[in-house]
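Tertiary structure, described
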Amino acid sequence: MKAFLVQSHEVAPKIEEVAVPEPAKGEIRVRIHACGLNFADLLMVKGTYQDTPELPFTLGMEVAGTVDSLGDGVEGFAPGDRVAVFGGQGGLAEFGCFDARRAVHLPDAMSMVDAAAFQIAYGTSHVALDHRARLQPGETLLVLGAAGGVGLTAVEIGKLMGATVVACARGAAKLEAAKAAGADHLIDAETQDIRAEMNALGGADVVYDPVGGEQFMAAFRSCKPEARLLPIGFASGEVPQIKSNHLLVKNLSVLGVYWGGYLQFRPDVVTDSLATLMGWYSDGRLSPHVSHVLELEAADEGLELLRSRASTGKVVIKIVD
């Protein structure tokens, strides 16, 4: 089968022919139809992600497809079932073997492309805003990187939870995507002062930040007392350094969010969240935004779209129709 392999952190990944894997005990083998790309894939290529697998490995964290074979002891799945899986790796291939406990059945109406774009982006935002920040109706939510894969879902979920959503992104096209997702107010990070714009709106109760760097610091300075800040990632490449005395003055809370980490110590947080999200999707309340669907042979182009921030929403690699 074909697989997009990382053989070295100094050499770009490429497609290679490898053996079709056999499912171990507790695993399902999935005929992969689509794989969603994530910023973490870029970090894995460089070897800087906190959960980078040992070399060599197949890139691709989240997939959608059909169950092809069952390992010993697997219950609740059968060949032909449509599933989505967060495997953490192995997604950019024609087949993959994954822990059955990480798989979820798909609603009949959900396409494979939507399913491949769904788990990490929506799961991260829902766990962040609901479980971590306890976002309340009427609060003001500032979303940085609001046109990215997770940013757009934060805008959408924030509106569903009753918040006033302020979307911050670079350029008119990306802001238009955030507006379509439900943002009430828009800030152009290229031309406007985030701190000044937020202060004019009364400040932020919750800050959702997948960007880091200067944008985090500007948002930090525009927080209301008792605001909650959610570091999601550092797409800017700069990890902000927070002075604890500034937290003290306004009684601020900084709440780290690593969605995949819950699978290790509180998997119920992820499964309960996904159940809610799948229900919302089935009810027509969520509309995944996929800006690019590419073939496996163009996986490197998909990674470059993330690296250059040229995409809005998700980039999905289609393995089969």
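Let me sum up the structure you'll find in this document. For clarity, every value in this text was computed on a predicted model and none was experimentally measured.

Calculation rules
Residues numbered from 1 in each chain as written. Predicted model: local features only at pLDDT ≥ 70, side-chain atom pairs only at ≥ 80, totals over all residues. Heavy atoms only, no water. Core = buried A, V, L, I, M, F, W, Y, C linked by side-chain atoms within 4.5 Å. Buried < 20%, exposed > 50% of the residue type's maximum accessible area, 1.4 Å probe, protein only. Contact = heavy atoms within 4.5 Å. Pairing = 2+ DSSP bridges. Helix = DSSP H or I, 4+ residues; strand = E, 2+ residues; numbered from the N terminus. Salt bridge = Lys/Arg side-chain N within 4 Å of Asp/Glu carboxyl O. Phe/Tyr/Trp six-rings, centres within 6.5 Å; stacked < 30°, edge-to-face > 60°. Lys NZ or Arg CZ within 6 Å of the ring centre and 35° of its normal. Right-handed = clockwise from strand over helix to strand, strands pointing away.

Core analysis: the biggest nonpolar cluster contains 87 residues, and I28, L59, L92, L129, L141, Y208 and L230 have the highest contact counts within it. Apart from residues lying up to four places away in sequence, L141 is in contact with L129, L135, A154, G158, A163, T164, V165, V166, V206 and Y208. Among the nonpolar cores identified, the runner-up in size contains 20 residues, and V207, V211, M217 and L229 belong to it.

The next thing to look at is the sheet that holds strand 11 (residues 185-188). Pairing between the strands of a sheet comes from backbone hydrogen bonds, and it takes one of two forms, parallel or antiparallel. Ordered by their spatial adjacency, 6 strands build an open sheet running 11-10-9-12-13-14, and the pairing between neighbours is parallel. The strands lining the two open edges of the sheet, one partner per strand, are strand 11 and strand 14 (253-254). Alignment of strand 9 (residues 140-143) against strand 12 (residues 204-209), held across 3 bridges, turns out to be parallel. Within strand 12, the residue paired with V143 across the bridge is Y208.

Further remarks concern helix 3 (residues 119-132). For an α-helix, 3.6 residues make a turn, and residues three or four places apart therefore share a direction. Among the 14 residues in helix 3, 11 count as buried, and that is most of the element. All buried positions along helix 3 are accounted for by Q119, I120, A121, Y122, G123, T124, S125, H126, V127, A128 and L129. Note on helix 3: the residue one or two positions beyond its end, R134, has a positive phi of about 55°.

Let us now look at the sheet that holds strand 1 (residues 2-6). Ordered in space as 2-1-4, the 3 strands form an open sheet in which the pairing is antiparallel. Lying at the two open borders of the sheet, with one neighbouring strand each, are strand 2 (14-17) and strand 4 (57-58). Pairing of strand 1 with strand 4 involves 2 bridges; the strand directions are antiparallel. Looking across to strand 4, one finds that L5 is bridged to T58.

Examined against the element boundaries, G151 turns out to sit in helix 4 (residues 149-160). For G151 and I28, which are 123 residues apart along the polypeptide, the C-alpha to C-alpha distance reads 31 Å. If sequence neighbours within four positions are ignored, G151 has contacts with V143, G145, A146 and Y208.

Under the defined criterion, the tally for this structure stands at 11 salt bridges. Among the ionic pairs, E297 bridges to K2, the shortest N-O distance being 3.2 Å. One end of the pair, E297, is in the loop between strand 15 (290-295) and helix 11 (299-307); the other, K2, is in strand 1, with 295 residues separating them in the sequence. Exposure remark for E297: the relative accessible area of 49% places this residue in the partly exposed category. R29 serves as the salt-bridge partner of D68, at 2.6 Å between the closest nitrogen and oxygen. With a gap of 39 residues between them, D68 in strand 5 (residues 62-70) and R29 in strand 3 (residues 27-36) connect regions that are remote in the sequence. Taking the relative accessible area as the measure of exposure, D68 reaches 31% and is therefore partly exposed.

Moving on, we come to the packing of aromatic side chains. Per the counting criterion, the structure on display carries 6 aromatic pairs. Judged by centre distance (5.1 Å) and plane angle (35°), the ring pair of Y262 and F265 falls under tilted. Residue Y262 and its partner F265 are located together in helix 9 (residues 262-265), separated by 3 residues, close to a single helical turn. One aromatic cluster is present, formed by F118, Y122 and Y281 through successive ring pairs. In this structure, R29 is placed above the aromatic ring of F95, and the distance from its NZ or CZ to the ring centre is 5.8 Å. Above the face of the F95 ring, R31 is positioned so that its terminal group lies 4.9 Å from the ring centre.

Moving on: the pairing of strand 5. The buried fraction of strand 5 is high, at 7 of 9 residues. Relative to strand 5, strand 3 runs antiparallel, the two sharing 8 bridges. Bridge pairing links I28 to L70 in strand 5.

A separate point is the pairing of strand 13 (residues 223-231). As paired elements, strand 12 and strand 13 share 5 bridges and run parallel to each other. Paired with A204 across the bridge in strand 13 is C223. Viewed along the sheet, the connection from strand 12 through helix 7 (residues 213-220) into strand 13 turns out right-handed. With 2 bridges joining them, strand 13 and strand 14 adopt parallel strand pairing.

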